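Summary of the model geometry
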Amino acid sequence: MHALSYRGVAKSFGQVKAVKPLELDIPGGGIFGLLGPNGAGKSTLIRMTMGIYLPDAGDITVLGMPRTQVASAMLGYLPEERGLYAKMKVGELLRFFGCLRGLHAAEASRRAAEGLRRVGLEKWEQNKVDELSKGMQQKVQLLVALQHRPKIAILDEPFSGLDPVNAELFMELLEEILQEGTTVVLSTHQMEQVEKLCHSIALINQGEVVLQGDVAKIRRDYGARAVKVEFSDGASLTTETFADIAEQSLIHPNEARFFLRPAAHAGKVLKRLLDMGVKVSRFEEAQASMHDIFVKVVTGGNAHAN
Amino acid sequence: MRTDWGNVYAVIRREFLERVRKKSFLITTLITPVIFGALMVLPGVLAVVQTGRPTEVLVVDKTGWAGPAVLAAAPAPRHAAATLDGKAERSAMGALTLKPAPAGADLEAIKRDIGDGKVDGALLLERGDQDQLKATYLAQNISNPQLFQTLDSRLNAAQVGHRLETLGLDPTIAEKLKARVNLEPVKVEKGGRTRKGSIMDFIVPIALALVIYMMIIMYGVAIMNGVLEEKSTKVVEVILSAVRPFELMLGKIVGIASVGLLQYSIWFGVGTALYLMNPLNFQSHMDGPPVKPLQLALLVAYFLLGFVFYSSLYAAIGACCTTQQETQQWQTPVTFGLVIPFVLMMPTLMSPNAGWVVFLSLFPVTSPITMLLRTGAVEVPLWQLGASLGLLALGTLAVAWAAAKVYRVGILMTGKRPSIPEVLRWVRQA
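All residue numbers refer to position in the chain's written sequence, counted from 1. Each chain gets a letter, beginning with A, and each ligand a number, beginning with 1, in the order they are written. Given that the model is predicted, a residue must reach a pLDDT of at least 70 before its local features are reported, and side-chain atom pairs must reach 80 or more before they are shown or counted; all residues, however, enter totals for whole chains, interfaces and linings. Only hydrogens and water are set aside; all other atoms, that is, all heavy atoms of the structure, feed into the side-chain values.

So, about the interface of chain B and chain A. Contact residues are listed per partner, giving 21 residues for chain B and 25 residues for chain A. Two parts placed together each lose some accessible area under a 1.4 Å probe, and adding up what both lose gives the buried area. Taken over both partners, the interface formed by chain B and chain A buries close to 2200 Å², and the fraction arising from carbon and sulfur atoms is 60%. For salt bridges, the criterion is a side-chain nitrogen of Lys or Arg within 4 Å of an Asp or Glu carboxyl oxygen. For the salt bridge of B:Arg21 with A:Glu92, the shortest nitrogen-to-oxygen distance reads 3.2 Å. Whenever two N or O atoms come within 3.5 Å, that pair is a polar contact, provided that in protein one can donate a hydrogen and the other can accept it, and provided that, for residues adjacent in sequence, both atoms are side-chain atoms. Our count for the contact surface shared by chain B and chain A stands at five residue pairs in polar contact (both at pLDDT 80 or more). Breaking the side of chain B that touches chain A down by element, the ones donating at least two residues are α1 (5-20), α8 (200-232) and α9 (235-240) of chain B. Between two residues, a contact is recorded if the distance between any of their heavy atoms is within 4.5 Å. Counting from the N terminus, the helices are DSSP H or I runs at least four residues long and the strands are E runs at least two residues long.

Buried accessible area, meaning the area lost when the parts come together, often serves as the stated size of an interface. Residue and element names in this part refer to chain A. Residue ranges for the domains trace back to a domain assignment, done automatically or taken from a database. Taken domain by domain, chain A holds domain 1 (2-213) and domain 2 (224-299). Taken together, the contacts link eleven residues of domain 1 with seven residues of domain 2. Three residues stand out in domain 1 for area buried against domain 2, namely Met191, Glu195 and Leu203, and they jointly supply 50% of the buried area on that side. For the pair domain 1 and domain 2, the number of links is one residue pair in polar contact (both at pLDDT 80 or more). The set of elements that each furnish at least two residues to the side of domain 1 that touches domain 2 consists of α6 (191-197), β9 (200-205) and β10 (208-214).

Exposure above 30% relative accessible area and the absence of a salt bridge qualify a residue for a patch, where like charges join within 9 Å and nonpolar side chains (Val, Leu, Ile, Met, Phe, Trp, Tyr) within 5 Å. Areas reported as accessible are Shrake-Rupley estimates using a 1.4 Å probe. Residue values count occlusion only from the protein chains shown. A cluster of nonpolar side chains, B:Leu26, B:Ile27, B:Leu30, B:Ile31, B:Ile35 and B:Leu39, forms an exposed patch at the surface whose accessible area comes to about 610 Å². The residue B:Ile31 is located in helix α2 (residues 23-48) in this model.

A separate point is the sheet that holds strand β14 (residues 279-286) of chain A. Residue and element names in this part refer to chain A. Spatial strand order, β12-β13-β11-β14: four strands in an open sheet with antiparallel pairing. Across the chains shown, the open sheet's two edge strands, defined by having one partner strand only, are β12 (246-251) and β14. For this sheet, the mean angle separating the axes of adjacent strands, direction not counted, is 15°. Think of each axis as a best-fit line through the C-alpha atoms, taken over the contacting stretch in the case of a helix, with angles from 0 to 180 degrees between the N-to-C directions. Lying over the sheet, helix α8 (residues 266-275) contacts β11 (226-232), β13 (255-260) and β14, oriented at roughly 170° with respect to β14. Packing against the sheet, helix α9 (residues 290-299) makes contact with β12 and β13, and its axis sits at approximately 115° to β12. Note on pairing: DSSP must find at least two bridges between two strands before they are called paired.

A surface patch of like charges, here positive, comprises A:Lys89, A:Lys128, B:Lys22 and B:Lys23. Categorising residues by exposure relies on relative accessible area from a 1.4 Å probe, with only protein chains included: less than 20% of the type maximum marks a residue as buried, more than 50% marks it as exposed, and the intermediate range marks it as partly exposed. Overall, B:Lys22 belongs to the partly exposed group, its relative accessible area being 43%. In summary, the charge assignment counts Lys and Arg as positive and Asp and Glu as negative, without counting His or the chain termini. Where a charge sits is defined by one atom per residue type, namely NZ (Lys), CZ (Arg), CG (Asp) or CD (Glu).

So this is what it looks like as structure tokens:
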């Protein structure tokens, strides 16, 4: 059964179509990457999933149930814009959100204490939120999203602003809830994380799903056709230079990446570079990174980074 | 989607506890009655307590008869000795001693003594036109109304006594002629029952209306700021992922209203205790308890409905704005609904059954305050009370319904403040 299914889901704000009728299935278990440039409609899709917005059309089902019948206890949410009640005591705050997520008072207290212990904040239970450092507040915010053990957790940029130690801690917490069978939907712009964590993704652009599927397969499909070059004296290079060979060229001052056309051969790229007098120091056929794929798909062809 | 009452309860609980536990709540709850009590009681107490020695006034008599008469005249106190007014009256009388000026004393010398502070004051008695007594008071301090009142009554008593004597009237008849008339207000209620009127008949309705006004303003604005805070700290996004906007708004209003009710109950309790303990003999000023049960019931009913009415509007304003400054412009027209009945308070109390007053006491925006003012002034027909409360209940439902829609859309908006037409469209669409 799918963790989340979207059937013809659409949402407009006035004239702006934030999400066009959209079909998407998010499989249960593991981490699913929800990718897309700023303003692509990700947040709107997430907010509809969390019941903050009602879709104009279409159906959202959560673990096979219509969205409107889903208990809030099943969902956890870490929004991109972090926010907590600054003047509330940390323990009280966690209990409050626990109760909103369907926990009974006693259980909410127990979970709050346990969660704070897990992230090393047990001494701060009686402190007000605004007495905590930013990193500590991030931990509390993550506890708010996960303490009630949701079946589905939607985390928007969970690692932004974290130091490496806390990033590791967050990673461990993610591992723990994954062990318990929670499905994590991760929205992020950090493509290395997507490569590291996600089994499958959907890429959203201009309110539509433009790419979806298994990460390894997507990288294979794109990767076989990518070339990475390092060079000097490449000032004369332009995207047009390679238009006949590459579907897309990403040209930087000392480095370039080319996504080859179906019939093109990697050797052609090298030959042309040498013909133009460019001093090539490194040349490799590379598996496309999610970063490249993201840029390629979103810009729809040619991107020039000069 | 059904309303999840568990969520509503969680929000009510948070709003209530967070506010009641604050030090500022404790402080305002304790300090306000102290300040109010002091404002009401202190002037009376200060009037009773003698401050310093009595003022000594020399009587300089140029008429030959008035000096002894003024010295002899001691008007009977108008109030019973046990009452607060009686005590104040006796205290005022005791605060003045009159002494005849030494025979042949020079007025200029006395003036110099007054200027040097050796003598407090002098009362100069001269013959005026048509046998009228002309009196002049000379002193450094001429801004003591109590002293003037005492001197005034003595002078008049002396003059009347002197006239009656020159007319050759029998002193017993003269005594009768001097008797004053006291006008006593008597309030007639339904069925012809009467009771003694008092200053409380005037004060109580104003006080009740003021209570409603203060509660709505204080706690309505607290709701608006609470909404604004949730919006500006972004916490609202997490909350709305678990709670429907309506549940959040309802919980907020009920939670904060409970804080207000708790605070006013404490004050009411303190007031009742003071009344029953009867320090300074308050009860003698009143004919029965100052607030009737019906008034109290109306106060609670109008507070609850009026509070929901206005705080829904305040919540919607909070949801539409992103900064405190922005809320100011929107608050003003809302506050008008509460201020107008106060501006019209005196005409309302003077003609409580005029057509426009009846209208204002039925119209939901102004009814909480105008109706409370009216009930203090006259017996409002039951049908009008019912209609007023019914209309207010309907108005409150309509406003809360529309406000919930505006709140729902506005709470997630950032950036530009919406225009009025936009807000109206949210009401129609959402």
